[in-house]
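Given next are the chains, with one letter for each unit.
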Amino acid sequence: MKTILVAGGAGYIGSHMVALLAERGYRVVVADNLCTGHWQAVKGAALRVGDVRDAAFLDRVFGEFPIDGVINFAAFSLVGESVGDPLKYYGNNVGGAVSLLTAMKNHGVDKIVFSSTAATYGEPEKQPIEETDRTDPTNPYGASKLAIEGLLKWCDRAYGIRYAALRYFNAAGANTEADIGEDHHPETHLIPIVLQCALGKRDHVGIFGDDYPTADGTCVRDYIHVRDLVSAHLLALEYLDRGGESGPFNLGNGNGYSVREIVEAARRVTGQPIPAVVESRRAGDPSTLIASNAKAREVLGWVPERGLETIIADAWAWHRGHPDGYGG
């Protein structure tokens, strides 16, 4: 049985990764400081509470378990906060990656799947976005992730630590079988905000701008079910285990949905009116972000299986059962 360390495994996507690995028979170790994660979300894994920037903590974890590979989700991820406090984001995200890679080097672990982001591209030059397109982040969050991708490239060359950097688009949904879902404080993601409105936790959904050059004037994004997302991580880990070549991979459905389309789909799924109010544009919001997932399909054999209605239905089932998140 192989042992996988999941850094940040108590977070939203990390906890879904842990559930999948446990389901597939892996031994799973989670390293998380629980500053944004939830211990209740960790199912089928050994949880070790600590900060990945703490070299002594990581040394204990790597000494306690025979770790074969690492999946790194440990990061701060609020774009607006990163603009106001870039040192916090570089210090945590890049600092944590340096510490984790150092521990891997010291303990002879040679493969890592890294949670990157579509924010590495910044304002895209074309749609759909391909891995070879220009990377020019417009915020420190995306810049910190791109810096880590650069670090991974050099660690591959120097130490033979091979990597897959998975550039996510918009993750959403829940695992109703494992009873885990999305619980952020504050919540900034559209689908859970819409569902909080359906639950009566908010009085309306804000639509930030309706004058974009899209079909209905609202921003268009590529949504991927979190269970499809983590399946790509497992395929990437297996690909590296077979000696696959390091590099980045986009993870998205390859389809775009506008903010209005998301609200309408949520109204259909929930049967709730979900009032929406048009507000001012947010600075730095691109009109359209859609992934080309051709590389992940061809190289990893990954095919996303769940569409928008399933994404919203699964998220709705979890939020109805957990109206106050994991604290409810």
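Here, the structure is the one placed above.
An account of the accompanying structure is given in this report. (Residues numbered from 1 in each chain as written. Predicted model: local features only at pLDDT ≥ 70, side-chain atom pairs only at ≥ 80, totals over all residues. Heavy atoms only, no water.)

### As for helix H2 (residues 55-64)
Given 3.6 residues per turn, any residue in an α-helix points the same way as the ones three and four places further on. Selection rule: Categorising residues by exposure relies on relative accessible area from a 1.4 Å probe, with only protein chains included: less than 20% of the type maximum marks a residue as buried, more than 50% marks it as exposed, and the intermediate range marks it as partly exposed. Helix numbering and strand numbering both begin at the N terminus, where a helix is a DSSP run of H or I of at least 4 residues and a strand a DSSP run of E of at least 2. Picture the helix axis, draw a direction to every C-beta atom, and the arc is the one those directions span. Polar contacts, as used here, are pairs of N or O atoms within 3.5 Å; protein pairs need one atom able to donate a hydrogen and one able to accept it. Residues neighboring in sequence count only if both atoms are side-chain atoms.
The complete set of buried residues in H2 reads Phe 57, Leu 58, Val 61 and Phe 62. Buried residues along H2 cover an arc of 130 degrees about the axis, so they all sit on one side. Opposite the packed face of H2, turned more than 90 degrees from it, sit the exposed residues Ala 55, Arg 60 and Gly 63. One side-chain oxygen at the N-terminal end of H2 lies 3.0 Å from the backbone nitrogen of Ala 56; it belongs to Asp 54.

### Notes on helix H1 (residues 12-23)
Threshold: Multiplying one less than the number of residues by 1.5 Å gives the expected span of a helix. When checking whether two residues touch, look at their non-hydrogen atoms; a contact exists if any pair is within 4.5 Å.
Between its terminal C-alpha atoms H1 stretches 17 Å, which fits the 16 Å expected from 12 residues at 1.5 Å a residue. Counted residue by residue, H1 has 10 buried out of 12 residues, so it is predominantly covered. Those residues of H1 lying buried are Tyr 12, Ile 13, Gly 14, Ser 15, His 16, Met 17, Val 18, Ala 19, Leu 20 and Leu 21. Tucked inside the fold, the buried residues of H1 contact strand E1 (3-7), strand E2 (27-32), strand E4 (67-72), strand E6 (162-168), strand E7 (170-172) and helix H7 (226-241).

### Points about the pairing of strand E11 (residues 247-251)
The condition is simple: Should DSSP find at least two bridges between two strands, the strands are regarded as paired.
Counting buried residues in E11 gives five out of five residues, a clear majority hidden from the surface. Judged from the five bridges that link them, E6 and E11 form a sheet pairing that is parallel. When the sheet's bridge partners are listed, Ala 164 is paired in E11 with Gly 247.

### Here we look at the nonpolar core
Just so we agree on the cut-off: Note on terminology: a nonpolar core comprises buried Ala, Val, Leu, Ile, Met, Phe, Trp, Tyr and Cys residues joined through side-chain atoms within 4.5 Å.
Counting 35 residues, the largest nonpolar core has Ile 13, Met 17, Leu 21, Ile 71, Leu 166 and Leu 251 as the members making the most contacts within it. Every element with two or more residues in this core is listed here: E1, H1, E2, E6, H7, E11 and helix H9 (294-300). The leading source of residues in this core is H7, at nine residues. Once you skip the residues sitting within four places of it in the chain, Met 17 turns out to touch Ile 71, Phe 73, Val 230, His 233 and Leu 234.

### Overview of the packing of helix H4 (residues 86-107) against helix H5 (residues 140-159)
As a reminder, the rule being used: In this analysis, axes come from line fits to C-alpha atoms, helices being fitted only over the stretch in contact, and the angle between any two N-to-C directions falls in the range 0 to 180 degrees. Here the word oblique covers every angle except those under 35 degrees (roughly parallel), over 145 (roughly antiparallel) and from 65 to 115 (roughly perpendicular). In this scheme the crossing of two helices becomes right-handed for a clockwise turn of the near helix relative to the far one and left-handed for an anticlockwise turn of less than a right angle. Under the grouping applied here, Gly and all other residues not named as nonpolar or charged are polar, the nonpolar ones being Ala, Val, Leu, Ile, Met, Phe, Trp, Tyr, Cys and Pro and the charged ones Asp, Glu, Lys and Arg.
Closest axis-to-axis distance for the H4/H5 pair is 9 Å, and the angle between their directions is 20 degrees. In terms of their interaxial angle, H4 and H5 are classed as roughly parallel. For H4 against H5, the interelement crossing comes out right-handed. Seen from H4, the contacting residues are Pro 86, Tyr 89, Tyr 90, Asn 93, Val 94, Ala 97, Val 98, Leu 101 and Lys 105; seen from H5, they are Pro 140, Tyr 141, Ala 143, Ser 144, Ala 147, Ile 148, Leu 151, Leu 152, Cys 155 and Tyr 159. Its residues placed into classes, the contact of H4 with H5 shows 16 nonpolar, two polar and one charged.

### Digging into the sheet that holds E11
Sheet architecture is open: seven strands sit in the order E3-E2-E1-E4-E5-E6-E11, paired in parallel fashion. Looking along the sheet, the strands with just one partner apiece sit at the ends: strand E3 (46-49) and E11. Neighbour-to-neighbour, the strand axes of this sheet turn through a mean angle of 20 degrees, independent of strand direction. Across the sheet, H5 is in contact with strand E5 (111-117), E6 and E11; its angle to E5 comes to roughly 155 degrees.

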